[in-house]
Amino acid sequence: MSRSSAALAQPQLTDVTLTRDDMGFISKLVYEHAGIVIREHKEAMTRGRLARRVKALGLNSVAEYCAYLKTPQAADEIPELINAVTTNHTSFFRERHHFDHLRKDVLPRLVQERSGRRGRIRIWCSAASSGEEPYSIAAVSRDVLGNRSDVDFKILATDIDTDILAKAEAAIYSPDQFDRLPSDVKPLLKLENSGRGEARISDDLRRMIAFKRLNLIERWPMSGPFDVIFCRNVFIYFDTQTKASILDRFVTLLAPGGFLYLGHSESLPQPHPQLRLIGRTIYERLP
Ligand SMILES: C[S@@+](CC[C@H](N)C(=O)[O-])C[C@H]1O[C@@H](n2cnc3c(N)ncnc32)[C@H](O)[C@@H]1O
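A brief structural summary. This one's a predicted model, so the numbers in the text were calculated from it and none came from an experiment. (Residues numbered from 1 in each chain as written. Predicted model: local features only at pLDDT ≥ 70, side-chain atom pairs only at ≥ 80, totals over all residues. Heavy atoms only, no water.)

### Observations regarding the pairing of strand β9 (residues 275–279)
Condition: When DSSP locates at least two bridges between a pair of strands, those strands are taken to pair. Counting from the N terminus, the helices are the DSSP runs of H or I reaching at least four residues and the strands are the DSSP runs of E reaching at least two.
Here β9 pairs with strand β10 (residues 282–285) via four bridges, running antiparallel. Considered in β10, the bridge of L275 is made with R285. The hairpin turn running from β9 into β10, its antiparallel successor, is two residues long, and T281 in that turn takes a positive phi close to 50°.

### Some thoughts on the sheet that holds strand β6 (residues 209–213)
How we decide: Lines fitted to the C-alpha atoms define the axes, with helices restricted to the stretch that makes contact. Angles between their N-to-C directions range from 0 to 180 degrees. By the convention used here, residues are in contact when the closest approach between their heavy atoms is within 4.5 Å.
The seven strands lie next to each other as β6-β2-β1-β7-β8-β10-β9, forming an open sheet whose pairing is mixed. This sheet does not close on itself; its edge strands, each paired only once, are β6 and β9. The mean angle between the axes of side-by-side strands here comes to 20°, regardless of whether they run parallel or antiparallel. Examined bridge by bridge, strand β7 (residues 226–231) and strand β8 (residues 254–262) share five bridges and lie parallel to one another. Its bridge partner being in β8, F226 is matched across the sheet by L254. Contacts from helix α6 (residues 96–114) reach β1 (119–125), β2 (151–159), β7, β8, β9 and β10 within the one sheet, and its direction differs from that of β8 by about 165°. Where helix α10 (residues 240–253) meets the sheet, it contacts β1, β7, β8, β9 and β10, and its direction lies at approximately 140° from that of β8.

### Some details on unusual backbone geometry
Rules: Exposure categories follow from relative accessible area, calculated using a 1.4 Å probe and restricted to protein chains: below 20% of the type maximum is buried, above 50% is exposed, and the middle band is partly exposed.
At the junction of G224 and P225, the peptide bond is cis and its omega measures out at -5° in the coordinates. Here P225 lies in the loop between β6 and β7. Backbone geometry places S129, a non-glycine residue, at a positive phi of 50°. Along the chain, S129 turns up in the loop between β1 and α7 (132–145). A positive phi is found at N233, a non-glycine position, where the angle reads about 60°. Considering the arrangement of structural elements, one finds N233 in the loop between β7 and α10. Classification of N233 by relative accessible area gives buried; the value is 11%.

### Concerning the environment of L277
Secondary-structure assignment places L277 in strand β9. Counting along the chain gives 18 residues from L277 to F259, while the straight-line C-alpha distance between them is 9.7 Å. When neighbours within four sequence positions are excluded, L277 is seen to be in contact with I282 and Y283.

### What to know about the packing of aromatic side chains
We count it as follows: Here a pair means two rings of Phe, Tyr or Trp (six-membered ring of Trp) with centres within 6.5 Å. Their orientation is stacked below 30 degrees between planes, edge-to-face above 60, and tilted elsewhere. The criterion for a charge sitting over a ring is simple: Lys NZ or Arg CZ within 6 Å of the ring centre, and within 35 degrees of the ring normal.
Taken as a whole, this structure holds 14 aromatic pairs when the rule is applied. The interplanar angle of 55° and the centroid separation of 6.3 Å between the aromatic rings of F235 and F238 together place this pair among those described as tilted. With a relative accessible area of 1%, F235 lands in the buried category. Through a chain of ring-to-ring contacts, the aromatic side chains of W124, W220, F226, F235, F238 and F250 assemble into a single cluster. Positioned over the ring face of F25 is K70, at 4.5 Å from the centre of the ring. Sitting over the ring of W220, R249 keeps its end group 4.0 Å from the ring centre.

Pasting the structure below:
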């Protein structure tokens, strides 16, 4: 009997047993390639996520998957493994105080400074996930910029996870994601009906953003400077050494007087001589 007809006759169950050795092997691989530390209490979650790859590859167990990852032809699988283990939780206007700060305290001043000579304003959203964060940035930016064309404004939105970036670029969301949004920010997203009962972010906001894959622990191709960097709710997956090295590189790319936003439970691994805390997880780059 062929493998596929056997599968039809008897639904195949994936063996998701994850031995200590396999867990150690996967954790090391994920750390080396993404800087993500898989903590021991996340074992059940990791098992579930690996099961998706086991199934997709037509394998029978996590043990077989680990063996596959040790073969030379597994190089193409590493990005898929990283896509599978990343946590992409996000939402529109999450941790709203950052968007309020950007809208009221940062952008009006930048626009005033840079307008007229087509001066540049650059924002980097460095763990963009499925797009809710960069579209929220675009929404408040469009509100401040209006229709003016005398400023060269761009948002770079990056993430390591190629699957989630494809979702971000598609810009299609379930309407219930907008249900609980405060009434003063919802209209800023300029939602359009996608025709499938889903809502689509308007082309106007989409055009403000360039989506690219970027691994925070690898080389970055951009030279900056950025006026604002969002790096929210990704430092929690990194160890102190990784955070410190990324932070140093953020500082070199941030314009003096620029701002870095971290996530609600995140802080600097150690005080940085060129960053000053000026609000709730808001850091200003000193001259
Ligand atoms: C929990 S989400 C945070 C999304 C958004 N910043 C927010 O706060 O709502 C974390 C994101 O970081 C990304 N990520 C994890 N490791 C990364 C790395 N080494 N380089 C770039 N992005 C990474 C994940 O793919 C995921 O989309």
